[in-house]
Amino acid sequence: MEGAVDEAVFLATLDIPVAIIGAAGTGKMYIARIIHEESGGAPDMLVPIDCRDLRSRSAANARIAREITQGEGKT
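The paragraphs below set out a description of the structure included in this document. (Residues numbered from 1 in each chain as written. Predicted model: local features only at pLDDT ≥ 70, side-chain atom pairs only at ≥ 80, totals over all residues. Heavy atoms only, no water.)

Examining helix H3 (residues 57-70)
With 14 residues, H3 extends 20 Å from end C-alpha to end C-alpha; this agrees with the ideal 20 Å at 1.5 Å per step. Where H3 is concerned, the buried positions are Ala60, Arg63 and Glu67. Buried residues in H3, looked at end-on, bunch into an arc of 70 degrees, giving them a common side. H3 presents Arg57, Ser58, Ile68 and Thr69 as exposed residues on the side facing more than 90 degrees away from its buried surface. (Helix = DSSP H or I, 4+ residues; strand = E, 2+ residues; numbered from the N terminus. Expected span 1.5 Å × (residues − 1). Buried < 20%, exposed > 50% of the residue type's maximum accessible area, 1.4 Å probe, protein only. Arc of directions from axis to C-beta.)

So, the environment of Thr13
When you line up the elements, Thr13 lands in the loop between helix H1 (2-11) and helix H2 (28-38). A C-alpha to C-alpha distance of 28 Å links Thr13 and Arg57, two positions 44 residues apart in sequence. Here Phe10 takes part through its backbone oxygen, which lies 2.6 Å from a polar atom of the side chain of Thr13. (Polar contact = N/O pair within 3.5 Å; in protein donor to acceptor, adjacent residues only side chain to side chain.)

Below, the structure written as structure tokens:
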């Protein structure tokens, strides 16, 4: 996990989208919070998306697009 945290801190300095993938219980939300906080995001501006709710790639793309449109300034 230490390597993942170091990578998260590095990624927080970049202006690029980041996908955090992995099995349940591996710390994806923990890493997302690190990236969010290290990039200067306020705690209430993090928008989690539970991909288990999405049944297809098109549903995932639509949900992500909707969150991006509605979440100006959020991570």
